[in-house]
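# An overview of the molecular structure
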Amino acid sequence: MSLIASNLSFKPGNEWHLDNVCFEMSRGQIYTILGRTLSGKTTLLKTLAGLISPDKGTLTLDDRDFGSIPVWKREVAMVYQQFINYPHLSVYENIAFPLKQRRLQSDQIKTRVMKALQQVGLDGFENRKIQALSGGQQQRVALARSLVKEASVILLDEPLVNLDYKLREQLREEFRNIFSSEASKDSILIYSSTDPVEAMQLGGQIFVMDEGRILQQGTSKEVYENPNCTKVAQITNDPAMNLFAGRVEDGKIILSPEIVLELPQHCKGLATGSYIFGMRAAGITLNQTGFPFSVELSEISGSETFLHLRHEMIGVVGLLDSVQNFNTGEVVRVQFDTLQLYVFDQDEQLVSSPYRGLE
């Protein structure tokens, strides 16, 4: 049993918000829609919820025409990035609200509410007022109110984006446990995010979106290891994958007259010609025998340092596994780990990856 979208398109003005979106999602699975701001993620979720009517395309749920079902009848629950709770109600009353609207019996309501409270780790909080809860606890209340509906489709639109870093990490792990539980086996869970780390940690299937289109879908491992184009390579990495133009000639990679690299084994057989090369920040480090680059910015992040570097027309970001200070304009020696090299053609499509070799 599944949710199927076929050629969903929505163009309210001069730009496509959804452009021939197609997918199939199964019950009991987690799906993450990963994309930058304005990529179409929220528009897609609102379309699934019935808040937006697409210009064309169809939606079916378990072989039923899902698109023709009015909003109030759809088996959909949605949690927004700005969590919405009723401040004058208790935790219990907030979660019970949609069930009371359906006029369920009080004993049924209590059973479902207590179950949802346990799922989100708030059992014992049912009599608390919303104002007495932390931001993370309030977001859990919003999630519980969605779970209690036992909806076929649960939509989460960047639900952690407004929380601090430590709380996001904690709730991300809790969400994954909730979504993997037996209680969620009959639901389709769709989570949108701009954060590639979040998308990878949630697991399940990933749909990478850009400009209203789904560029690639697959498991987090598949998409991370083999991005099918340069846009996916950048969207699925933080910082974005470094991309630089170059040529392959006589078994060498020529990036500039001074920067010439040996072809790694997974790139053997590449035809002579121009390519776009890609490498994550972790593949660019300092080495006394490396190539000269000037430091444009030294960015300390926790126990790591990201170096923004430039050599003529080549700009890259490298990663150091320690905290180090550098002066702007300082010249350092840079090493490229070609075992981590990606190759894309002039149409920005993947040609070779360290995990799959030549396509």
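Report follows, based on the coordinates. (Residues numbered from 1 in each chain as written. Predicted model: local features only at pLDDT ≥ 70, side-chain atom pairs only at ≥ 80, totals over all residues. Heavy atoms only, no water.)

### Focus on the overall build of the protein
- Along its length, the protein carries eight helices and 21 strands.
- For the protein, the residues scored as buried account for 49% of the 359 residues in total.
- Of the contacts made within the protein by residues no fewer than 6 positions apart, 65% connect residues no fewer than 24 positions apart.
- Surface summary for the protein: the accessible area is close to 17,300 Å², and the carbon and sulfur share equals 46%.
- Side chains of the protein give 35 positive and 43 negative charges; the mean places of these two sets differ by 8 Å. (Helix = DSSP H or I, 4+ residues; strand = E, 2+ residues; numbered from the N terminus. Buried < 20%, exposed > 50% of the residue type's maximum accessible area, 1.4 Å probe, protein only. Contact = heavy atoms within 4.5 Å. Areas by Shrake-Rupley, 256 points an atom, 1.4 Å probe, with all protein chains shown as cover. Lys, Arg positive; Asp, Glu negative; His and termini not counted. Charge placed at Lys NZ, Arg CZ, Asp CG, Glu CD.)

### Some details on the pairing of strand 1 (residues 2–10)
- Alignment of strand 1 against strand 2 (residues 18–26), held across six bridges, turns out to be antiparallel. By the bridge assignment, Leu 3 is partnered in strand 2 with Met 25.
- Bridge count between strand 1 and strand 4 (residues 56–61): five bridges; the pairing is antiparallel. When the bridges of strand 4 are listed, Ser 6 appears paired with Thr 58. (Pairing = 2+ DSSP bridges.)

### Thoughts on unusual backbone geometry
- The residue after Asp 238, namely Pro 239, is reached through a cis peptide bond having omega 0 degrees.
- Within the fold, Pro 239 resides in the loop between helix 8 (230–235) and strand 11 (242–249).
- Notably, Glu 158 is not glycine yet its phi reads approximately 45 degrees, a positive angle.
- Along the chain, Glu 158 falls in the loop between strand 7 (153–157) and helix 5 (165–179).
- The backbone phi angle of Glu 211 is positive, close to 50 degrees, even though this residue is not glycine.
- Structurally, Glu 211 can be placed in the loop between strand 9 (205–210) and strand 10 (213–219).

### Concerning the packing of aromatic side chains
- Going through the model one piece at a time under the given rule, you end up with seven aromatic pairs.
- A centroid spacing of 5.9 Å and a plane angle of 70 degrees characterise the contact between Phe 23 and Phe 207, whose relative ring orientation is edge-to-face. Residue Phe 23 is found in strand 2, and its partner Phe 207 is found in strand 9; the two are separated by 184 residues along the sequence. Taken as a pair, Phe 23 and Phe 207 share a single burial class, namely buried.
- Taking the centre distance of 6.0 Å and the plane angle of 55 degrees together, the rings of Phe 293 and Phe 336 count as tilted. (Phe/Tyr/Trp six-rings, centres within 6.5 Å; stacked < 30°, edge-to-face > 60°.)

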